[in-house]
Amino acid sequence: MTTVEDTFAEVERLTVRPQFLFVRGGLSERRKSLVIQARQRTGARAEKDTVGEGFTATKKIGNAVVRNRAKRRLRSAARELLPRHGVPRTDYVFIARMDTAEIGWQRLLDDMESALISLRAALNAGSGPA
């Protein structure tokens, strides 16, 4: 018997602006250390049974050093959690917040995991845009 925790999805990177804009129209979950947006794919990309991931940090959270550190931390946390908690054929955008670069590592993991679990439940329930 396979449970949700036993299945691992293959992850691919979102690279171009239209992919990020598409995800923005979907569901989102906010936590102290990050925001995660998610949207199930449509069209030709929906045929791929992978999970998409993208990372962003605005200038509002700090200079380039702070933004890069925040994105590195998000990438590392997503590498651990997204294969387990991501929904196949869904794209996720991880947005850094002011606390992302400095918050404790375990707290960042907990925030990301709880947001991914909430998004999984919402996506499986069929709420939000397709």
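Residues numbered from 1 in each chain as written. Predicted model: local features only at pLDDT ≥ 70, side-chain atom pairs only at ≥ 80, totals over all residues. Heavy atoms only, no water.

- Per an unreviewed UniProt entry, the protein goes by Ribonuclease P protein component and derives from Henriciella barbarensis.
- Taken directly from UniProt, the Function (unreviewed entry) text for the protein runs: "RNaseP catalyzes the removal of the 5'-leader sequence from pre-tRNA to produce the mature 5'-terminus. It can also cleave other RNA substrates such as 4.5S RNA. The protein component plays an auxiliary but essential role in vivo by binding to the 5'-leader sequence and broadening the substrate specificity of the ribozyme."
- Per UniProt, the comment on the protein under Catalytic activity (unreviewed entry) is "Endonucleolytic cleavage of RNA, removing 5'-extranucleotides from tRNA precursor." (UniProt positions renumbered as here; feature names shortened; annotations may be inferred.)

1. A look at the side chain of Glu 12
Here is step 1 of the chain: If you trace the backbone, Glu 12 turns up in strand β1 (residues 11-13).
Here is step 2 of the chain: The exposure class of Glu 12 is buried, given its relative accessible area of 18%.
Here is step 3 of the chain: Looking at Glu 12, its side chain comes within polar contact range of the side chain of Lys 48, at 3.0 Å.
Here is step 4 of the chain: Residue contacts for Glu 12: discarding those within four places in its chain leaves Arg 41, Arg 45, Lys 48, Thr 50, Val 51, Gly 52 and Glu 53. (Helix = DSSP H or I, 4+ residues; strand = E, 2+ residues; numbered from the N terminus. Buried < 20%, exposed > 50% of the residue type's maximum accessible area, 1.4 Å probe, protein only. Polar contact = N/O pair within 3.5 Å; in protein donor to acceptor, adjacent residues only side chain to side chain. Contact = heavy atoms within 4.5 Å.)

2. Some thoughts on the environment of Val 11
Here is step 1 of the chain: Considering the arrangement of structural elements, one finds Val 11 in strand β1.
Here is step 2 of the chain: Sequence separation of Val 11 and Lys 60 is 49 residues, and the distance between their C-alpha atoms is 28 Å.
Here is step 3 of the chain: What Val 11 contacts, discounting residues up to four positions off in sequence, is Val 51, Glu 53, Leu 82 and Pro 83.

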